[in-house]
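Observations on chain architecture
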Amino acid sequence: MSDATALIANIPLDELIVCPQCDAAYRFKQPKSGERAVCQRCHKILIAPRHKAGKHIIAVSIAVVILIIAASVFPFLSISAAGRSNAVSILDAALSFTRGPLLVLALLTAGFIIFVPLLRMLLTLYVLVPVVFNHPPARHAMRAFRLSEALRPWSMAEIFALGCAVALVKVADLATVDFGPAFWMFGILVVLVIAQDGYLCKWSVWNSLEHPEKS
């Protein structure tokens, strides 16, 4: 056993923080607001507290929920060719294959594009709103936040946006494509989701749920 390993082994568990990416262990020291604690081995950000971050994330989550609902029903694209035109929403496109063997694909598409991001935002609000406004954590808040993090890889709004961009390049030479209001909503939605994921300090959330009286 090396000296560093022996030193870590003698530190109480509640005074340690472990990198979720490379499992390196460090003695816990909370950085000041605006500072960051970064893993020296893999450079993963461990703690990044920010002033009023909770309220900002709540505001972004509410905006994302509104945009997801609106972008699901408003026209996403309208295509005109040979004197004929058609407008379609994201939900219409995802559910257009609900007959036959493509039903599973349609449901998965709608889930990854719409329902998973929506569920993540609702779970985030469920967890953060009581804590940020100095109330006891909601019932099963830890499970809700754990589920929200587990759904992160399955939230594929940005993948859908990239796929649309590739498809539009190919369709542009064959037909006239006009962007509907849902297209711009979806673009803003993707930016907000990425910004929220980068702004959220998971350690701060877990600490607030485990020690609400100290947060």
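Not measured: the values here are computed from a predicted model.

Once that is clear, we can look at empty space enclosed by the protein. Scanning the entire structure with this criterion turns up one cavity of 30 Å³ or more. Approximately 30 Å³ is the volume found for the largest cavity. Contributing to the lining of the largest cavity are Ile68, Ala71, Ser72, Ile90, Ile113, Ile114, Phe186 and Leu189. Of all the secondary structure elements, the ones that give two or more residues to the lining of the largest cavity are α2 (53–73), α4 (103–132) and α7 (181–199).

Moving on, we come to unusual backbone geometry. With a phi close to 65°, histidine 43 is a non-glycine residue in the positive phi region. Tracing the backbone through its elements, the reader meets histidine 43 in the loop between β3 (37–38) and β4 (45–47). Assessed through its relative accessible area of 60%, histidine 43 is described here as exposed.

Glancing now at the packing of aromatic side chains. Per the stated rule, a full pass over the model turns up three aromatic pairs. Residues phenylalanine 145 and tryptophan 206 carry aromatic rings whose centres are separated by 5.1 Å and whose planes lie at 80° to one another, so their mutual orientation is edge-to-face. In this pair, phenylalanine 145 is assigned in helix α5 (residues 141–150) and tryptophan 206 in helix α8 (residues 202–210), connecting sequence segments 61 residues apart. Summarising the aromatic geometry, the rings of phenylalanine 183 and tryptophan 184 are spaced 5.1 Å apart at their centres and angled 85° between planes, so their arrangement reads as edge-to-face.

Let's shift gears to the nonpolar core. Counting residues in each nonpolar core, the largest one holds 35 residues, and the members touching the most others are Ile90, Phe186, Leu189, Val205 and Leu209. Of all elements in the fold, only α2, β5 (75–81), α4, α5, α7 and α8 reach the threshold of two or more residues within this core. A per-element tally of this core places α4 first, with 10 residues. One finds Cys22, Leu46, Ile47 and Trp203 within the second-largest nonpolar core, a separate group that totals nine residues.

Let us look at α7. Every α-helix winds through 3.6 residues per turn, so residues three or four apart in the chain are directed the same way. In this model, α7 (19 residues) spans 27 Å end to end at C-alpha, consistent with the 27 Å of a helix rising 1.5 Å per residue. Listed as buried for α7 are Ala182, Met185, Phe186, Leu189, Val190, Val193 and Gln196. Along the axis of α7, the buried positions cluster into a sector of 140°, meaning they face one direction only. Across α7 from its buried face, at more than 90 degrees, point the exposed residues Trp184, Val191, Ile194 and Gly198.

Between its first and last C-alpha, α4 extends 41 Å over 30 residues, near the 44 Å set by a 1.5 Å rise per residue. Following α4 by one or two positions, asparagine 134 adopts a phi angle in the positive range, close to 60°.

Criteria and cut-off values
Residues numbered from 1 in each chain as written. Predicted model: local features only at pLDDT ≥ 70, side-chain atom pairs only at ≥ 80, totals over all residues. Heavy atoms only, no water. 1 Å grid on protein atoms, 1.4 Å probe; cavity = no way out; pocket = protein on both sides within 12 Å on 5 of 7 lines; lining within 4 Å. Points joined across faces, edges and corners; volume = space filled by probe spheres on them. Helix = DSSP H or I, 4+ residues; strand = E, 2+ residues; numbered from the N terminus. Buried < 20%, exposed > 50% of the residue type's maximum accessible area, 1.4 Å probe, protein only. Phe/Tyr/Trp six-rings, centres within 6.5 Å; stacked < 30°, edge-to-face > 60°. Core = buried A, V, L, I, M, F, W, Y, C linked by side-chain atoms within 4.5 Å. Expected span 1.5 Å × (residues − 1). Arc of directions from axis to C-beta.

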